Amino acid sequence: MTIRITGTGSALPEKTVTNFDLQELVETSDEWIQKRTGIAQRRISTGETVAMLAAQACKKALEMAEKTAAEVDLILVATCSPELLLPCCACQVQDLIGASNAVAFDLNAACSGFLFALNTAQVYLQSGVYKNALVVGSEVLSKLVDWNDRGTCILFGDGAGAAFVETTNEQNLCENGRSSGMECMVQGSDGTRGMVLSCAERAVNSAFFSEEKIESSYIQMDGQEVYKFATKQVPACIQQALEKVEMTVDDVDWFLLHQANVRIIESVAKHLKADIKKFPMNIHNVGNMSSATIPVLLDECCRSSKIKRGDRIVLSGFGAGLTYGASVLVW
């Protein structure tokens, strides 16, 4: 049984915030931001919610896959920024798109979330429990950012990306002889270093106990530690995935990485000894959208025909936790 992505979709808020706009808020400059991150602008919500963006992306993915919402078996939403703790975002998406027959729940692995959700969907589908799934990464990080902190407010944007995944018993041979579908996935976590990237939830506060110290509810990040982790772990994770399917870097047509920082992506390419031209990027226009970056980039590459049937693709990312993952697939 083969698992294939047959539809993709994405959705971004209407409002664009440029580096020049941020110069009015904090001590920074367009040159400083672009040199260190590669980001020129990002999309920021002016009312669009995580669920709304996710639903829009899902509808586009279903349209590409030529499926109706009623045919969806499973909805997995990866997010670390939901508006509601209850109900979960996936159940809100189920309601918004009318997928009345689906099972729905959320996952939180931060920026690795889409990959973790894709892996979860693959296990469900390969086991025969379900035949298809909508896998979504959706974030409104702008509400978690301290807009007075120039170290974090320059990085993040809002958006959502979705993929429709389904099983097939056909071999799906491409013209180049490759079989279309998922080839392997690896994932991991290192909780010992988790606090280098964190964001506090509610403090304990009840009739029986109350926290004396209330921590900041904004994203806190040790940028240097995150950079060191990413530049070491991502290439190692990709190599591990390729070794599982007895492939090498030369067998890969495209590397679609989490869009956190251009310098991280360039470092990964250097470690892998891979041509940077194989690493499509959209961080310049949308910034770091956490779990949404990989599916949004995948959708862009698919709709622009950059990715063609038979291409071998590596998806890889890292995030708070610390979490990391990689998958290999043939389009």
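Below is a short write-up of the structure. (Residues numbered from 1 in each chain as written. Predicted model: local features only at pLDDT ≥ 70, side-chain atom pairs only at ≥ 80, totals over all residues. Heavy atoms only, no water.)

Let us now look at the sheet that holds strand β8 (residues 181-189). Taken together, the four strands give an open sheet; going across it, the order is β8-β13-β12-β11, and neighbouring strands pair in mixed fashion. On the outer flanks of this sheet lie β8 and β11 (254-257), each paired with one strand and no other. In this sheet, neighbouring strand axes are inclined to one another by 15° on average, regardless of whether the strands run parallel or antiparallel. By the bridge criterion, four bridges tie β11 to strand β12 (residues 312-319) in an arrangement that is parallel. (Pairing = 2+ DSSP bridges. Helix = DSSP H or I, 4+ residues; strand = E, 2+ residues; numbered from the N terminus. Axes fitted to C-alpha atoms, helices over the stretch in contact; angles between N-to-C directions.)

The next subject is the sheet that holds strand β4 (residues 74-78). The strand order β1-β7-β6-β4-β5 describes an open sheet built from five strands, whose pairing is mixed. At either margin of the open sheet sits one strand with a lone partner, and together these are β1 (2-11) and β5 (103-107). Within the sheet, the average angular offset between the axes of one strand and its neighbour, ignoring direction, is 20°. Bridging between β4 and strand β6 (residues 132-140) involves four bridges; their strand directions are parallel. Residue Val77 lies in a different strand from β6, and its bridge partner there is Val136.

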